[in-house]
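Reading the structure
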Amino acid sequence: GAGHAMSARRPPPAWRLPQGVNSPLWEYLNTPRLAAEEDAYFAGHPLFDADADALDARFPTPGRLVDLGCGAGRHSLRFAARGFEVVSIDLARPMLEVVARKAEEAGVGDRLLPLQANLCHLGGLPSGTFDYALSMFSTLGMIRGRDARRRALAEAARILKPGGRLALHAHNVWLNLRDPQGRRWLLRQALRLLGGRDEFGDRRMTYRGIPGMEVHLYRWGELRRELSLAGFRVDEVVPLDEVTAAPIPNPGRFPSLRAGGWLVFATCLPSRS
């Protein structure tokens, strides 16, 4: 009943939270309203058309695909309909319930497996299982803490076959240069960084009614290094316009400053160990 729903959303003490999760993110993951509203909330979002077109063009051949942070399953369902074998992973049970229902309604339930798991700990999945991995709509940036994000990228590399492909979306920290509030935030971030007190790029906001939500905004060099550290070779970077989500014109001209974010396509290299 309502009492149970309320207690389900009250975060546990910090020491019991999963790796990469803080109290606001825990509330986000455990709020059924957000899963129910997901499709309507993002209807017509320009990035959703842009990333779908980009993925379909670059992943044309069906294979095994893992959707890391699948949300309500917009990519999972589309790839399953194209004949891919899909494992849809999210830490939010309400999202996975939506995915399972939609997969049955679409007639792709036999090709889509919803799986509740922390992206930092995918030990239930064997190494070298997948041909493709998705980490879209700044999923990586929602993971709290650099060590946890590194762990998530390492796990993505582990469960991909050597030569497997990763598609990842991340937001650009420098998009904050364009407005006075963003510039003030960047200045505060720089001062905290100099004082050794904070991780540069963590932006706090109220998101879909949940205060204190944070997303990590990347610098391009930082993101490239993190991917390399995890065992990926970056093959292609698509800098996206902040408003339209279309590839920015003249991408060779200061893309690290001008992009609102990036779609990155990378190949998993054979393990060096």
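Residues numbered from 1 in each chain as written. Predicted model: local features only at pLDDT ≥ 70, side-chain atom pairs only at ≥ 80, totals over all residues. Heavy atoms only, no water.

1. Some details on a nonpolar patch on the surface
Applicable threshold: A residue counts toward a patch only above 30% relative accessible area and without a salt bridge, and it is joined to like-charged neighbours within 9 Å or, for Val, Leu, Ile, Met, Phe, Trp and Tyr, to nonpolar neighbours within 5 Å. The accessible surface values rely on the Shrake-Rupley method and a 1.4 Å probe; as for residues, cover is taken only from the protein chains in view. Whenever Lys or Arg places a side-chain nitrogen within 4 Å of a carboxyl oxygen from Asp or Glu, that contact is recorded as a salt bridge. Secondary structure is summarised from DSSP: a helix means a run of H or I of at least four residues, a strand means a run of E of at least two, and numbering begins at the N terminus for each.
A surface patch of nonpolar side chains, about 310 Å² in accessible area, is lined by Leu177, Phe254 and Leu257. Looking at the element boundaries, Leu257 is found in helix 11 (residues 255–258).

2. Things to note about the nonpolar core
Operational definition: We define the nonpolar core as a collection of buried residues of types Ala, Val, Leu, Ile, Met, Phe, Trp, Tyr and Cys that are connected through side-chain atoms lying within 4.5 Å of one another. Summary of the burial criterion: residues with accessible area below 20% of their type's maximum are buried, those above 50% are exposed, and those between are partly exposed, where the area comes from a 1.4 Å probe applied to protein chains only. Residues count as neighbours in contact if any of their non-hydrogen atoms are within 4.5 Å of one another.
By size, the foremost hydrophobic cluster in this structure holds 34 residues, and its most contacted members are Leu68, Ile89, Leu223 and Phe232. At the level of secondary structure, the elements contributing two or more residues to this core comprise strand 1 (64–68), strand 2 (85–90), strand 4 (130–135), helix 8 (146–159), strand 5 (160–171), helix 10 (220–230) and strand 9 (261–268). No other element matches the six residues that helix 8 contributes to this core. Ignoring anything within four residues of it in the chain, the contact list for Leu68 reads Ile89, Leu119, Leu122, Ala133, Leu134, Ser135, Thr139, Ala156 and Ile159.

3. Structural notes on the packing of helix 3 (residues 32–41) against helix 6 (residues 93–106)
Cut-off, in case you're wondering: For helices, the fitted axis covers only the stretch in contact; all axes are lines through C-alpha atoms, and the angles between them, taken along N-to-C directions, range from 0 to 180 degrees. Each angle gets one of four labels, with under 35 degrees taken as roughly parallel, over 145 as roughly antiparallel, 65 to 115 as roughly perpendicular, and the rest as oblique. Handedness of a crossing is defined here by the sense of rotation of the near helix relative to the far one, left-handed for an anticlockwise turn of less than a right angle and right-handed for a clockwise turn. When residue character is reported, Ala, Val, Leu, Ile, Met, Phe, Trp, Tyr, Cys and Pro are called nonpolar, Asp, Glu, Lys and Arg charged, and the others, Gly included, polar.
It is the contact of helix 3 with helix 6, at a shortest axis distance of 8 Å, that shows an interaxial angle of 40 degrees. Taken together, the axes of helix 3 and helix 6 lie oblique to each other. Every pair of crossing elements has a handedness; the one defined by helix 3 and helix 6 is right-handed. Residue-level inspection shows Pro32, Leu34, Ala35, Glu38 and Asp39 of helix 3 in contact with helix 6, the latter providing Pro94, Met95, Val98 and Lys102. Along the lines of polarity and charge, the residues of the contact of helix 3 with helix 6 split into six nonpolar, no polar and three charged.

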